[in-house]
Amino acid sequence: MDTTTASELGLWTMVWNAGPMVKFVMALLVGFSVVSWAIIVYKIKLLRRVEGETAVFYDLFWRNMDKKEFHKVLEAAREHPDTPLSGLFTAVSNEGRIGRDDLDRIKRILSKKIAEESMRLEAYTPFLATTGNTAPFIGLFGTVWGIMNSFRGISVKGAASLAVVAPGISEALVATALGLMAAIPAVVGYNHILSRIDRARADMQGFASDLLNAIEKELSRPAPREPKVERHGV
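Trainee: I'd like to hear about the overall build of the protein, residue by residue, with values.
Mentor: Helix and strand content of the protein: 8 helices and 0 strands. Overall, the protein shows an N-to-C arrangement of helices and strands of α-α-α-α-α-α-α-α. When the 234 residues of the protein are sorted by exposure, 36% land in the buried category. Carbon and sulfur atoms make up 62% of the accessible area of the protein, which totals about 14,400 Å².

Trainee: Before we move on, can you summarise the pattern of salt bridges with the specific residues and values?
Mentor: Applying the stated criterion across every chain, the model contains 8 salt bridges. The shortest N-O distance in the salt bridge between Glu-51 and Arg-199 comes to 3.9 Å. One end of the pair, Glu-51, is in helix H3 (residues 20-66); the other, Arg-199, is in helix H8 (residues 162-220), and 148 residues separate them in sequence. On the basis of relative accessible area, Arg-199 is assigned to the partly exposed category, the value being 48%. Put simply, Lys-113 and Glu-116 hold a salt bridge, and the shortest N to O gap is 3.6 Å. Residue Lys-113 and its partner Glu-116 are located together in helix H6 (residues 103-122), separated by 3 residues, close to a single helical turn. With a relative accessible area of 37%, Glu-116 lands in the partly exposed category.

Each value, and the rule that gives it
- Residues numbered from 1 in each chain as written.
- Predicted model: local features only at pLDDT ≥ 70, side-chain atom pairs only at ≥ 80, totals over all residues.
- Heavy atoms only, no water.
- Helix = DSSP H or I, 4+ residues; strand = E, 2+ residues; numbered from the N terminus.
- Buried < 20%, exposed > 50% of the residue type's maximum accessible area, 1.4 Å probe, protein only.
- Areas by Shrake-Rupley, 256 points an atom, 1.4 Å probe, with all protein chains shown as cover.
- Salt bridge = Lys/Arg side-chain N within 4 Å of Asp/Glu carboxyl O.

Have a look at this one:
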């Protein structure tokens, strides 16, 4: 293969010489990849903050609940807004005074808040799943389209030599490579992020159970008796 042919098969040259449809597919896949990496980086940073604040808040919660210093737990919730546990505690504390008849309502509030916090943590992750599922097929579409153009070129030139078909097929295969380059990190990132979100959801459910147990324990304590006042006759 001469120098001219070798240079024609360079990566950037192949991309530049690709047909309009293949170029569109490549641009679409690059866009998928960029957005996927942005979501992965953002989610990993967010989950790192969530996990750190969850550990700190959980420790502060038990330390201050044992001392009955509920105002300090509320302050800790405001200082650690990224952990879902602060949202759960704030949702319960906003209910004000709680009696035994309110326990079922508190359970519903906690369940609803867990669902809301889970949705917040899962935001944007469906895009990673979509990229992982569709990017290879989009790349394959670009490859098939490019190969069709190559065979069309054969019919026009009336020759089927390697020099005729190799550039077009190489350009087409770049689309498949880009599809895999977009899909593989998206799938790996999605699975990693989802496993950490599952751990955060387990932390929320465990904290909700601990909070309910703490409330039930507080409600089960007998009310303090009023001191007897002895009446002396005058």
